[in-house]
Each structure stands twice: as structure tokens, then as C-alpha cells.
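One-letter residues, chain by chain:
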Amino acid sequence: MTSASATPIIEARGLSKRFIKQADLAERLLERLGATQAPSVVHAVDNVSLAIASGEVVGLVGESGCGKSTLGRMIAGLLQPSEGQVLFKGRDRATLAGADAKAARLAVQMIFQDPYASLNPRSRVETIIGEAPLVHNLVSRAKLGEFVGEMLKRVGLDAGFKGRYPHQFSGGQRSRIGIARALAVSPEFLVCDEAIAALDVSIQAQIINLFMDLRQAFDLTYLFISHDLGVVRHISDRIVIMYLGRIVEMSPTAALFEAPNHPYTRALLAEAPRISYEKRQFQPIKGEIPSPLDPPRGCHFHPRCPLAMARCAEEAPALKAISPGRLSACHLNDN
Amino acid sequence: MTAAAETESRPTLEVVDLKTHFFTRAGVVKAVDGVSFAIAPGEVLGLVGESGCGKSMTGFSIIGLIDPPGRIVSGAVRFKDNDLVGLPEEGLRTLRGNRISMIFQDPMMTLNPVLRIDTQMIETIQAHRDCSRSVALGLARNALMQMGISSPERRLRCYPHELSGGMRQRVAIAIAFVNEPDLVIADEPTTALDVTIQAQILHEAQELCRTKHTAMIWITHDLAVVSSLADRIAVMYAGTIVEQGNARDLIRAPLHPYTKGLLGSVPSANRPGERLTQIPGMTPSLLDPKPGCRFRMRCPRAAAECTASPSISMPIPHREVRCWRPLIAEQPA
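Residues numbered from 1 in each chain as written. Chains lettered and ligands numbered in written order. Predicted model: local features only at pLDDT ≥ 70, side-chain atom pairs only at ≥ 80, totals over all residues.

It is worth spelling out the overall build of chain A at this point. Within chain A, the regular secondary structure consists of 12 helices and 12 strands. Whereas a compact globule of 335 residues would reach a radius of gyration of roughly 20 Å, chain A reaches 22 Å, a difference of no more than 12%. Judged by the C-alpha coordinates and their principal axes, chain A covers about 70 × 65 × 45 Å. Residues classed as buried in chain A amount to 41% of the 335 residues present. For chain A, contacts bridging at least 24 residues in sequence account for 67% of all contacts bridging at least 6. (Helix = DSSP H or I, 4+ residues; strand = E, 2+ residues; numbered from the N terminus. Rg over C-alpha atoms; globule rule 2.2 N^0.38 Å. Buried ≥ 20, exposed ≤ 12 C-beta atoms within 10 Å, placed from the backbone. Contact = placed C-beta atoms within 7 Å.)

Quick look at the packing of helix 11 (residues 263-271) of chain A against helix 8 (residues 195-212) of chain B now. Between helix 11 of chain A and helix 8 of chain B, the least distance of the axes is 9 Å, while the angle of their chain directions is 50°. Judged by the angle between their axes, helix 11 of chain A and helix 8 of chain B are oblique. Between helix 11 of chain A and helix 8 of chain B lies a crossing whose hand is left-handed. On the side of helix 11 of chain A, the interface is formed by Ala267(A), Leu268(A) and Glu271(A), while helix 8 of chain B contributes Val195(B), Thr196(B) and Ala199(B). Class assignment of the residues belonging to the contact of helix 11 of chain A with helix 8 of chain B gives a composition of four nonpolar, one polar and one charged. (Axes fitted to C-alpha atoms, helices over the stretch in contact; angles between N-to-C directions. Parallel < 35°, antiparallel > 145°, perpendicular 65-115°, else oblique. Left-handed = near helix turned anticlockwise from the far one by under 90°. Nonpolar A, V, L, I, M, F, W, Y, C, P; charged D, E, K, R; others polar.)

Our next topic: unusual backbone geometry. For the peptide bond that leads from Pro68(B) to Pro69(B), omega is 10°, which places it in the cis range. Structurally, Pro69(B) is set in the loop between helix 2 (55-63) and strand 4 (70-79). Here Ser186(A), not a glycine, exhibits a phi torsion of approximately 45°, which is positive. As for its placement among the helices and strands, Ser186(A) is situated in the loop between helix 7 (171-183) and strand 7 (189-193).

Looking now at the interface of chain B and chain A. Note: interface size is frequently given as the accessible area lost on complex formation between the parts. Counting from both sides, the interface comprises 39 residues of chain B and, opposite them, 37 residues of chain A. At the level of secondary structure, the elements contributing two or more residues to the side of chain B that touches chain A comprise helix 7 (165-177), helix 8, helix 9 (223-229), helix 10 (247-252) and helix 11 (257-265) of chain B. Per-element accounting of the side of chain B that touches chain A gives the leading share, seven residues, to helix 8 of chain B. The residue makeup of the side of chain B that touches chain A, split by class, is 18 nonpolar, 14 polar and seven charged.

Structure follows, in C-alpha cells:
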């Protein structure tokens, strides 16, 4: 029993994703003529391992281009990893077949960032929410109307909205429809990719509250991807920080905010905008996020790190335990 | 001495009862409906509100960028000695980019994609002052350096597409500040940027205002950014300013229920995991708004008197609020 509950619901083992740019016409011609060029490869996600226990809310934080969305999409099963495997309840998802594979796919659903682009403008709400459960025989056609109405009520919308089209809703309502669509196949695990970034502050609060209510009601596990530390701190049990395709720090929420370990985490926390009662002087870290096409050698953060040593430019630091439940990838922890 | 103090305290910009309406086929959209505020040299005013509240339209109205079917219906925009409302296009042209500049959310609204950065910056400088190309180039280089851009010579020879988003926005801000304007209107300039880049830009903007006494209007939906950047904050809701005052006082003890609701919606550090106080409902349409307080449908304190439009009152010194039932009882002593 204890061992069963200790099996994480989702586990990523050594996940990597590389995107290779296809050669365009001019490059193909040059190649024919004998010029050889190295293909440009983006290491979007670089050897990431992450286990998420049932019932947990994990916040995945990072700046644009750090690979957080790519990791989320691989975990949701929308992208095939270049290397590594995703385990669902201890079993490699790639080896599952038939009914097991289907169940594993349905159990993990995704909520997308853009509430405008992620709903088909030509479908009625009834189709948007009801299509998947109908295909998977979770509901009969006769009961579909009632079922969709129930789903809408769950996310705080009127059951009478099911005949409408997406353009008849506001941004906040569309978010709710996206959530209802994910919930319609009774998932156990939700990947929320910047699910509230496009909303106004007062609407964001409504959706955050909805996420927390649903977690209680349906025993959901979340991977909550966001660039907003305030939001992530509010709802997560554990936080994972990524920088240029690698995890730099992983820690329970309270401990991370109390004593951030990695220099990048420290910089992020210091600069995250928060409500303050005094005007403050901004003291930014220098430099830009490097291109993932040509990441710096060694520790990816060393060109911007105020504490960088010679070793940081040579050797990539491993993600190591610094205290129970906390991992950090920084050479400074070796001393 | 007194004369000097007087010129010092004279506001750079004074907006008085500004109304910008859009005359659409569906009816009149009252995007800006009676907005008044003033801003002193070197001061940063945070203009905060949610989408569609008219905060950007207020900025556009000041600088004269309202296109038909929109029109400034009434009110005054006093900039130093001029009233900008009704000023002919030619008069506005000598001010724009020179005495008043604007920074947009998308830097590509400022930058021309087919011209090099140096061409664009020199053009901005030479449009407003009589100087040689080489002098202008020197000024452009200094402006970039001030924005914390490393190797400005190389960046000057770049096209906009060769720069990253954060770099482009910094170039756009450098262009806005290059003629040392008296007023800068910044419309959500850091919304699309990452946290570390945002901090860099806030830092540079803060420095420029402090050292050059430039007045700045920072338009944003992000209370967190504004609370640490602005001297004063004005909160807009449905076309009107519902509350304004000193940033610290307003954040610490809001007077208007909407401001309080907005602050409650921000996941704050001290109560993770708890439910956020949410404002029920949505922002109302600005198409033919009904009389009465526009927030009353969503307001927890709404009462019978709220069906009449509230006027601006000053229940405590230096604080303005447009509410019949402001939150005075909850003010700390």
C-alpha cells in the first residue's frame, strides 16, 4: 500500500528535446555543391528528470525560451521526447498499448495559455467540451447535453451556454471552457501552461481559486507552468526552476522563498515584481538570456552570474541534493 | 527663491476633465469619461487598470493619437503653456518625440523594421534640433549607453530584427529619451518581457526620471510593478479614475472598493494557499454606460445612493476618490 502510494503519478527520466532546423533551399543547394554546415540544433530541454507525486501541485518557473513549455508538452504527451522516457504510475508510457495506453493518455490533460487560440472558433461549446468524452465512450450521445451542462457548472459557467460559440465569451469565460474541456475526460493530472497569463488581474484571481477548488473536489495533480513567481508561490507545494533547458533548482515552496540556493533563483526572487509599500531601487542582473541555439559552455548561467568561478565556464554542475527534498545545480554547493 | 519654488511646483502636465468618445455604429463608446490628473517634473504617475478601462486611450489622447471615429469631446490637456486639445497637427509634431514622447508595449510600434537603428535615432534627433549627423550619432550612442546597452556602436548598425525583444524595447526607450523630453508616456512597456529584463528596464527608466527630472506616466495593469516604481498612482475603472493618491498610502490603505479588490486579487506573499479575494463579475461595456457608479454591480459595499454617479471627493488630505462609500473606517490612524 505504502509503496503504491509512493509511486509518482508522473515521472520524467532523463528527458531531452532537440529541435533541428531544416535546411532551406539555399542551404541544400550549397550542400550539393559540397559545402558542409553543422545543422542548427536547439536543445530545448536537456536531460531533465522530475517526479510528481499524486495530489501534488508542482510549479515550473522560468523565463521565455527556458524549455518549460516543451517539458510540459512532453509530459502531456503532445511532443515526443528526443531522449528519455515519461512514466505514468511507474510504467513507461511508450511501452503501453491498447486500453492501458488510452487510459494513460486520458489521465493527463493540458490547459493552454491562449484562451482565444485554443478553442475552435467554428465549434459550439457543446462540441468543444463533449467531443472527447463521446469518442472515448465516457458518455452516451443521449446524455451528452446534460453532461456538458454539468461540466460548465463545475467551472462556474451557466449550463445554458452550451449552444454558444467561443467568440461570444470573454477571456475569463474562455479559460473556464478550456478547463471544462480538460476535465471532461476525468483526468488525474493537469498540465497548465501559463493558463492564466493572458487574463486580467481580477479574472486571474477567479481562475486561481477555481484551480484550487477543483484540486480539492477531484483529487487532481497539477504541473503549473508559469513565469509569474507570485502565482506559483500561491498555489504550488513544490517549485522547479529552469534556465536554458536545464533544471537549476527544485525545492518545496516555503523553503525556496526562505532561502533560495541557486544564484539564478536568487536573482529571480529579488526581481519578481511584488506589491511593495515603498518605492524601491531596481538592481538588475546584467546581460540577456543567451540564445538556446548557442548556449554558454559549462553552467548556462555563468555569463550573468555574480558569483561565477573559473570552473563554472568549463563544467556543467550536476543537480544535487542540498538538503532533504531540495536539489540545486551549482558548483558553490561543493565547498 | 519663491519664484523658483513656484516654477518647480508647477505641473508639467495637467489633464482636466478629459473625455474621449468613439462614435461607432453601435453607439457612443465612452472610453475616457472625465479624467483629471496632474503630474510634476521628475514624478512618476502609475496609471493602473484592467483591459478596456481606458488607460491607454488616456495616453493616446494626451499625445493626440486618437483616430476617427474617436474624438476628444471636451476637457483640456495643459502641457506647460499649451493646451494640446485642439492644437493643430503641426504644433503637435514639434512636441512629439521632442518634449513629449511615448513608449509602446510593442517596440516594433516605434521602430521601423527596414531601417537601421542609427538611421532612426539620427532622424529623431535631427527632426527637432539643428545639428550635424556626427553630433547626432554621438547623442544616439550616449542614449543607448544610458539604457545599459553594451557595445552601442555595434547595435547602432543593426536592424531591429537582429535584436532581442528586451534589446528592442531598450532601443525604443532610448529613442523616447534621446531629446530629453519633459514628459514620457509609457504604455505597458515591460508587459511582454521577462522578469530579469523587466527589472533592467525599470531600473533605467527610474534613473532617467531622477537625473533628468522627466515626468513619466507609466500605464500598466500590474499593481506590483507600479507599487515599487511610481510616486503617485491613479486607478482607472470603466473610463474614469476611481482613486488617486500617493503610491504608498494608496497601496497600504485603498479608499475605493475596486482598488481594494484589485490588491486582494494579487497573490501576495503572506498567505500562500489561501483563497484570493476575487472581484465577482466582469468589467462593464463602455458602450452607452448607465448612470450611477460603474463599479456598483461588482461592489460589495454598493447601496441605494450608488445609483447616482459619484463625484470626486477628498475624504482625507491628498487622496481623491470617486465613491459614495469610501473605505475610510479602515484607514490606519
